[in-house]
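Notes for the structure review
Spelled out from the first residue to the last, the chains are:
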Amino acid sequence: MNSGPAGSASCSLAPWLAVRDGERAIEFYKAAFGAVEVYRMDPPEEGVVVRLSVRGAEFWVSGGTESGGGTENVGGGSVRMILTVPNPDELFAQALSAGAVEIYPVGEEYGWRLGRLVDPFGLHWDVGHPLSEAG
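Residues numbered from 1 in each chain as written. Predicted model: local features only at pLDDT ≥ 70, side-chain atom pairs only at ≥ 80, totals over all residues. Heavy atoms only, no water.

**Examining the confidence of the model for the chain**
- Taken over all residues, the pLDDT of the chain has a mean of 85, while the share at 70 or more is 81%.
- The weakest mean pLDDT in the chain belongs to helix 2 (residues 66–69) at 45; the strongest belongs to helix 3 (residues 88–97) at 98.
- Contacts of residues 67–71 to residues separated by more than four positions or lying in other chains number 10 contacts, the stretch itself having pLDDT below 50. (pLDDT = per-residue confidence, 0-100. Helix = DSSP H or I, 4+ residues; strand = E, 2+ residues; numbered from the N terminus. Contact = heavy atoms within 4.5 Å.)

**Quick notes on the sheet that holds strand 8 (residues 124–130)**
- The four strands are arranged 5-8-7-6 in an open sheet whose pairing can be described as mixed. Each end of this open sheet is capped by a strand with a single partner; those strands are strand 5 (81–84) and strand 6 (101–109). Averaged over all pairs of adjacent strands, the angle between strand axes in this sheet comes to 20°, irrespective of strand direction.
- Examined bridge by bridge, strand 7 (residues 112–118) and strand 8 share seven bridges and lie antiparallel to one another. For Gly 115, the partnering residue across the bridge sits in strand 8 and is Val 127.
- Helix-sheet contacts for helix 3 involve strand 5, strand 6, strand 7 and strand 8, and the interaxial angle to strand 6 is about 175°. (Pairing = 2+ DSSP bridges. Axes fitted to C-alpha atoms, helices over the stretch in contact; angles between N-to-C directions.)

**What to know about the pairing of strand 7**
- Burial of strand 7 is extensive: five of the seven residues sit out of reach of the surface.
- Looking at chain direction, strand 6 and strand 7 are connected through six bridges and run antiparallel. Across the sheet, Gly 107 pairs through a bridge with Leu 114, a residue of strand 7.
- Counting the residues between successive antiparallel strands, the hairpin from strand 6 to strand 7 contains two residues, one of them, Tyr 110, with a positive phi of roughly 55°.
- Between strand 7 and strand 8, which pair antiparallel in sequence order, lie five residues; one of them, Gly 122, sits at a positive phi of approximately 85°. (Buried < 20%, exposed > 50% of the residue type's maximum accessible area, 1.4 Å probe, protein only.)

So this is what it looks like as C-alpha cells:
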C-alpha cells in the first residue's frame, strides 16, 4: 500500500549497468540503440557515470576503476534488459551491426515480436514489443 501523500510526484525505476569499460559501453549503446546522453559525470577516481535515453527509456551506465565502478559482477548476472520499441527488427539489426551477438532472432511468440542479443559486456537484451501494441 502506498503510504505517500495523495497527488505526490510520480516514480520511475531505471537500471544501472556497471561495466568495466564505461566509455566503450556508452559508445556501443549509442551505436546499437541510438541512445543519447542525458546526464554525464566524470569523477577521476571512479570512472564515468552517464544516464542514457533510448526514445525516452532511460538507463544508467558506469564503469572505470574496480573500486568506484561497482564492476564485480559484470556479465553472468541475474538481470536481463527488455527494450520495448516500435520496430524491433530495425533496432535489432542496428545492434548487431554495432557488435552485439544474436542469441535468438526476432520472431513472434507468446504475444510478442521479440529477439534476444548479448552486448559486448555480457549483458542480455530482449528487443521487441507486445503484438497487441503493434501499429
